[in-house]
Amino acid sequence: MDSAAADTRTTLPPLHRLPTTPAQPPHPTTLPDGTPAWLITRYHDVRQVLGDPRVTRADLHDVGTAGATADVAANPASLFNQDGPAHRRLRGTVQRAFTPRAIAGWQPWVAAAVQQSVDRLVAAGPPADLVPAFARPVPFAVTTRLMGLDGDGPDHLDEERLHRWTVALLAQGDEQGDGPTGAEGADGADHGDTLAEFGAFMGELVARRRREPGDDLVSRLVRAADQDGGVPEESLVFLAAGLTASGNESVAGALANALVYVLGERPEHWPRLADPDVAERTAERLLHYIPLGDDEATIRRTTAPIEVGGVTVPAGAVVAVSLGSANRDPAVYPDGLDADLGLPLPAPTLAFSAGPHYCIGAWRVRLEMRESLHRLATALPGLRLTVPVAELAWQLGGTTRSPARLPVDW
């Protein structure tokens, strides 16, 4: 099932081959919507800016893009669009739910979910399309189990509904229509109705978890929020919705794009992934070098003058922070993407951002990527793409871009 219509009119490069702005000192630039900004590209400059309390994300959800922004990124209730006390309060609630002990307890059944998808793929036999046969079933199984949506009754969530809600939440700009590059079913009134339906479901889910808590993540979030106090219900509901929809889509996209690169350009490395240590280091490198989408920069604003890399950025300036450029800074990562995928990165990745807005789902993406690569390569060491990477069609219209189909044989 495609999360958006496939682009069949143009040939797009895979995300790992997108050009990035070279790492260089901070300098003025202009964003797609005409907003003047300062572009930050070097690794250490980016880390500094993302961790500086004088740099804020608040009130910037409609700045930087030439068209409309996906609801998951534009909604003021989003954790991403908050800073200061409100952000710290909501972030603290999330961290109370994502304890190291909880994450350790989730790992065995995540591995089991991956193995079940591998077993189904092998049993069905070749040829196969890895998008519907593997890249989507894995995160869907994890998402529904993690959020407590895999049982019977009013909490049950099937793949069709999650797909429809995810398309609406992630639909972006002019590509919200149902044309050849758009997110089907996400345009006009249907888009608003679908978002309202999703919000109502998640609001009712949060209320039920408050009355009848369980061991799932939504129950943990509700319990932590009620204990901490001061978390608006709208923010709590939107957080649960975002973790359900965008978390699922992000993992599916990351996994499919990783398979494009390894099977398409590094097939000699594929059998090595049967070694769990190699799989873990490879997963980290792939997440580091392959972005989830085409957007180059994340937007911030300075609340006071700051000195970055020997350059003074004035107060009130919009700052465009390029994670992709920082992750390819030759001063920090001299070997680049085409180095040995089994080697550890020489410095921590910025793929999940840094500072107060570090991605709360990073543990999940890493875990599912590692287990998927390892278990799939172990079961199918001869797995191979049956079409050139240049001929792949792409799912567009959302905050991520990934292959519409990934035909393979073994």
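Residues numbered from 1 in each chain as written. Predicted model: local features only at pLDDT ≥ 70, side-chain atom pairs only at ≥ 80, totals over all residues. Heavy atoms only, no water.

Participant: Can you walk me through the overall build of the protein chain in this structure?
Facilitator: Helix and strand counts for the protein chain come out as 13 helices and 13 strands. Out of the 410 residues in the protein chain, the part that is buried amounts to 53%. Within the protein chain, contacts between residues separated by at least 24 positions form 73% of all contacts whose residues are at least 6 apart in sequence. (Helix = DSSP H or I, 4+ residues; strand = E, 2+ residues; numbered from the N terminus. Buried < 20%, exposed > 50% of the residue type's maximum accessible area, 1.4 Å probe, protein only. Contact = heavy atoms within 4.5 Å.)

Participant: Would you explain the nonpolar core in this entry?
Facilitator: Nonpolar side chains in soluble globular proteins tend to be buried together. Counting 68 residues, the largest nonpolar core has Leu 130, Leu 259, Trp 270 and Leu 376 as its most contacted members. Looking at this core, the element that brings in the most residues is helix H10 (residues 233–265), giving 10 residues. In this structure, Leu 376 is in contact with Val 118, Leu 121, Phe 134, Leu 259, Trp 270 and Leu 383, ignoring residues within four places of it in sequence. In this structure, Met 147, Leu 149, Leu 169 and Val 237 belong to the second largest nonpolar core, which totals 43 residues. (Core = buried A, V, L, I, M, F, W, Y, C linked by side-chain atoms within 4.5 Å.)

Participant: I would appreciate a short explanation of helix H13 (residues 362–379) in the present structure.
Facilitator: Count 3.6 residues to each turn of an α-helix, and residues three or four apart come out pointing the same way. Between its first and last C-alpha atoms H13 spans 26 Å; for 18 residues at 1.5 Å apiece the expected length is 26 Å, and the two agree. Across the 18 residues of H13, 13 count as buried, placing the element largely inside the fold. (Expected span 1.5 Å × (residues − 1).)

Participant: Please clarify how the sheet that holds strand E10 (residues 384–385) should be interpreted in this entry.
Facilitator: Strand pairing within a sheet occurs via backbone hydrogen bonds; the two strands may be parallel or antiparallel. Strand order in the open sheet formed by 3 strands is E5-E13-E10, with antiparallel pairing between adjacent strands. What marks the edges here is a single partner per strand, and that holds for strand E5 (128–129) and E10. Bridge analysis of E10 against strand E13 (residues 407–409) gives 2 bridges, and the strand direction is antiparallel. For Leu 385, the partnering residue across the bridge sits in E13 and is Val 408. (Pairing = 2+ DSSP bridges.)

Participant: Got a minute to help me understand the environment of Val 49 in this structure?
Facilitator: Relative to the helices and strands, Val 49 is located in helix H1 (residues 43–51). Once the C-alpha coordinates of Val 49 and Val 321 are considered, the two residues, 272 residues apart in sequence, prove to be 8.0 Å apart. Excluding residues that lie within four positions of it along the chain, Val 49 makes contacts with Ile 40, Val 55, Val 308, Val 319 and Val 321.

Participant: Teacher, can you tell me more about the sheet that holds strand E2 (residues 27–30) here?
Facilitator: Here 5 strands make up an open sheet; going across it, the order is E2-E3-E9-E6-E4 and the pairing mixed. Because the sheet does not close on itself, it has two edges, and the strands there are E2 and strand E4 (55–56). Packing of H1 onto the sheet brings it into contact with strand E3 (36–40), E4, strand E6 (298–302) and strand E9 (318–321), and relative to E9 it is tilted by some 130°. (Axes fitted to C-alpha atoms, helices over the stretch in contact; angles between N-to-C directions.)

Participant: I would appreciate a short explanation of the side chain of Ser 402 in the present structure.
Facilitator: Within the element layout of this structure, Ser 402 appears in strand E12 (residues 402–403). Ser 402 has contacts with Arg 136, Gly 253, Ala 256, Asn 257, Trp 394 and Gln 395, leaving out every residue within four places of it along the chain.

Participant: Would you mind going over the side chain of Ser 353 with me for this structure?
Facilitator: Mapped onto the elements of the fold, Ser 353 is located in the loop between helix H12 (323–326) and H13. A relative accessible area of 10% means that Ser 353 is categorised as buried. Not counting residues within four places of it along the chain, the set of residues in contact with Ser 353 comprises Leu 50, Arg 300, Leu 323 and Tyr 358.

Participant: Explanation requested: the pattern of salt bridges in the structure shown.
Facilitator: When their charged atoms lie close together, side chains carrying opposite charge are able to pair. Tallied over the entire structure, the rule returns 20 salt bridges. Of the charged contacts in the structure, one is a salt bridge between Arg 164 and Glu 197, with a shortest N-O distance of 2.9 Å. Here Glu 197 lies in helix H8 (residues 188–211) and Arg 164 lies in helix H7 (residues 159–170), a separation of 33 residues in the sequence. Overall, the relative accessible area of 33% leaves Glu 197 in the partly exposed class. A network of salt bridges, in which partner residues are shared, links Asp 155, Arg 208, Arg 209 and Asp 216. (Salt bridge = Lys/Arg side-chain N within 4 Å of Asp/Glu carboxyl O.)

Participant: Whenever I open this one, the pairing of E3 confuses me. Can you help?
Facilitator: Put simply, side chains in a regular strand alternate between the two faces of the sheet. Counting buried residues in E3 gives 4 out of 5 residues, a clear majority hidden from the surface. Pairing of E2 with E3, which is carried by 4 bridges, proceeds in the antiparallel orientation. Pairing of His 27 across the sheet is with Leu 39, part of E3. Hairpin geometry of E2 and E3 is characterised by an intervening segment of 5 residues between the two adjacent antiparallel strands and by a positive phi of about 95° at Gly 34. Pairing of E3 with E9 involves 3 bridges; the strand directions are parallel. Bridge assignment links Leu 39 to a residue of E9, and that residue is Ala 320.

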